[in-house]
Amino acid sequence: MNKFLQLLGLAARARMIVSGEFAVEKAIKEQKVHLVIVASDASDNTKKHFNDMCIYRDIPIVFASMKENLGKCTGKPERASIGVLDKGFAVRLASELREG
């Protein structure tokens, strides 16, 4: 999980993510994201909402880490959702979760 959070922080510094529910939802609707990350401690309603949106648009979604950790590694307060805008980062983040 540590490598995943480090890579997510790198993507944030490269400005290859959007975070926060409204920004991520907008990016999903505009088909700009290649991966959606939802905190495992997000509300059930938030998880269902993003899961349904991603399934409908065929966008990969993962449930990982805690809101506090997602926010800390991106330099923001707690974040329940993050959208990855770069395909390379998205593929690498997903593979880090599978390996870890």
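Residues numbered from 1 in each chain as written. Predicted model: local features only at pLDDT ≥ 70, side-chain atom pairs only at ≥ 80, totals over all residues. Heavy atoms only, no water.

Student: Sorry if this is basic, but what is going on with the environment of Phe 50 here?
Tutor: Inspection of the secondary structure puts Phe 50 in helix H3 (residues 44–57). On a C-alpha basis, the gap between Phe 50 and Ile 37 in space is 9.2 Å, while along the polypeptide they are 13 residues apart. Among residues more than four places away in sequence, those in contact with Phe 50 are Glu 21, Val 24, Glu 25, Ile 28, Val 36, Val 38, Ile 61 and Ser 81. (Helix = DSSP H or I, 4+ residues; strand = E, 2+ residues; numbered from the N terminus. Contact = heavy atoms within 4.5 Å.)

Student: Teacher, can you tell me more about the pairing of strand E4 (residues 81–84) here?
Tutor: Taken residue by residue, a regular strand's side chains alternate between the two faces of the sheet. What you see with E4 is no split at all: Ser 81 and Gly 83 on one side and Ile 82 and Val 84 on the other are buried throughout. Bridge count for strand E1 (residues 17–19) against E4 is three bridges, and the pairing is antiparallel. What sits directly across from Val 18, in E4, is Gly 83. Where strand E2 (residues 35–38) and E4 come together, four bridges link them in antiparallel fashion. Each bridged residue has a counterpart across the sheet, and for Val 36 the counterpart in E4 is Gly 83. (Buried < 20%, exposed > 50% of the residue type's maximum accessible area, 1.4 Å probe, protein only. Pairing = 2+ DSSP bridges.)

Student: Can you help me understand helix H2 (residues 21–29) in this one?
Tutor: Along H2, the positions that sit buried rather than exposed are Val 24, Glu 25, Ala 27 and Ile 28. When H2 is viewed along its axis, its buried side chains cluster within an angular range of 165 degrees and face the same direction. Across H2 from its buried face, at more than 90 degrees, point the exposed residues Phe 22 and Lys 26. For H2, the elements touching its buried residues are E1, E2, H3 and E4. Positive phi appears at Gln 31, one or two residues downstream of H2, with a value of about 60 degrees. (Arc of directions from axis to C-beta.)

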